[in-house]
Amino acid sequence: MTVSLRAHHLLCLLTYVGKGYSPAFTANYDVVVGRLAGGEDILVVSGPDDICAPLLDESDPHCLGESAAGRDDLAAQDVADLLGRPLQAGARLELDASSLARMRKAFSSGLTRKACPGCEWFELCGKVAAGGFRGTRL
């Protein structure tokens, strides 16, 4: 199996501590994190992904908005620069302990946070990173 993720969710995963938009969103996020922890690979997608799924029934899901797409573009460039490889829709990644540690180090230093300003979770993610990523679910 493969987990579909939009580019900015590659950053969100780094600080996920079980908080989300709704109980259904959080329950789904926990399932996605469990799949990744179990070794499933990632398929980078353009637009809504496996994490967005519970929000798509809303009248105006932010997953379809320009701000989410803009975050994807910025995150894709940051992560691509970090990993030294292109990262566009269709790219596949394995998120092992080494790459996760490398991504967290870059995130906490601010190197891969260009997509984050303006996000409602910005402060929480900053606190999680400053706390050494304690309590994260992945």
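Overview of the structure.

Rules behind the numbers
Residues numbered from 1 in each chain as written. Predicted model: local features only at pLDDT ≥ 70, side-chain atom pairs only at ≥ 80, totals over all residues. Heavy atoms only, no water. Core = buried A, V, L, I, M, F, W, Y, C linked by side-chain atoms within 4.5 Å. Buried < 20%, exposed > 50% of the residue type's maximum accessible area, 1.4 Å probe, protein only. Helix = DSSP H or I, 4+ residues; strand = E, 2+ residues; numbered from the N terminus. Contact = heavy atoms within 4.5 Å. Axes fitted to C-alpha atoms, helices over the stretch in contact; angles between N-to-C directions. Parallel < 35°, antiparallel > 145°, perpendicular 65-115°, else oblique. Left-handed = near helix turned anticlockwise from the far one by under 90°. Nonpolar A, V, L, I, M, F, W, Y, C, P; charged D, E, K, R; others polar. Expected span 1.5 Å × (residues − 1). Arc of directions from axis to C-beta. Phe/Tyr/Trp six-rings, centres within 6.5 Å; stacked < 30°, edge-to-face > 60°.

## So, the nonpolar core
Then comes step 1: Core analysis: the biggest nonpolar cluster contains 39 residues, and L5, L10, L13, L36, L87 and F107 have the highest contact counts within it.
Then comes step 2: Counting only elements with at least two residues in this core, the list comes to strand 1 (2-6), helix 1 (9-15), helix 2 (23-37), strand 2 (41-45), helix 3 (66-83), helix 4 (97-108) and helix 5 (122-130).
Then comes step 3: With sequence-adjacent residues up to four places away left out, L87 is seen in contact with L10, V44, A76, V79, A80 and L93.

## A few points about the packing of helix 3 against helix 4
Then comes step 1: Viewed as axis vectors pointing N to C, helix 3 and helix 4 meet at an angle of 120°, and their least axial separation amounts to 11 Å. On the basis of the axis angle, helix 3 is oblique to helix 4. Handedness of the crossing formed by helix 3 with helix 4: right-handed. Contacts between helix 3 and helix 4 pair V79, L82 and L83 from the former with R102, M103 and A106 from the latter.
Then comes step 2: Partitioned by chemical class, the residues of the contact of helix 3 with helix 4 number 5 nonpolar, no polar and 1 charged.

## Considerations on helix 4
Then comes step 1: Here helix 4 spans 16 Å end to end across 12 residues, near enough to the 16 Å set by a 1.5 Å rise per residue.
Then comes step 2: Burial in helix 4 covers these residues: S99, L100, M103, R104, A106 and F107. One face of helix 4 carries all of its buried residues, which in axial projection span an arc of 165°. Turned more than 90 degrees away from the buried face of helix 4, the exposed residues are A97, S98 and K105.
Then comes step 3: Remark: G110 follows helix 4 within two positions and exhibits a positive phi of approximately 90°.

## Concerning the packing of aromatic side chains
Then comes step 1: A full pass over the atoms with the stated rule returns 5 aromatic pairs.
Then comes step 2: For the ring pair Y21 and W121, a centre distance of 5.4 Å and an interplane angle of 80° mean the geometry is edge-to-face. Here Y21 is found in the loop between helix 1 and helix 2, whereas its partner W121 is found in the loop between helix 4 and helix 5, with 100 residues between them in sequence.
Then comes step 3: Members of the aromatic cluster, each reached through a chain of ring pairs, are Y16, Y21, F25, Y29 and W121.

## Structural notes on the environment of V128
Then comes step 1: Relative to the helices and strands, V128 is located in helix 5.
Then comes step 2: Exposure remark for V128: the relative accessible area of 8% places this residue in the buried category.
Then comes step 3: Once the C-alpha coordinates of V128 and S108 are considered, the two residues, 20 residues apart in sequence, prove to be 9.0 Å apart.
Then comes step 4: Once you skip the residues sitting within four places of it in the chain, V128 turns out to touch T15, V17, F133, R134 and T136.

Functional significance is not addressed by these values, which are geometric in nature.
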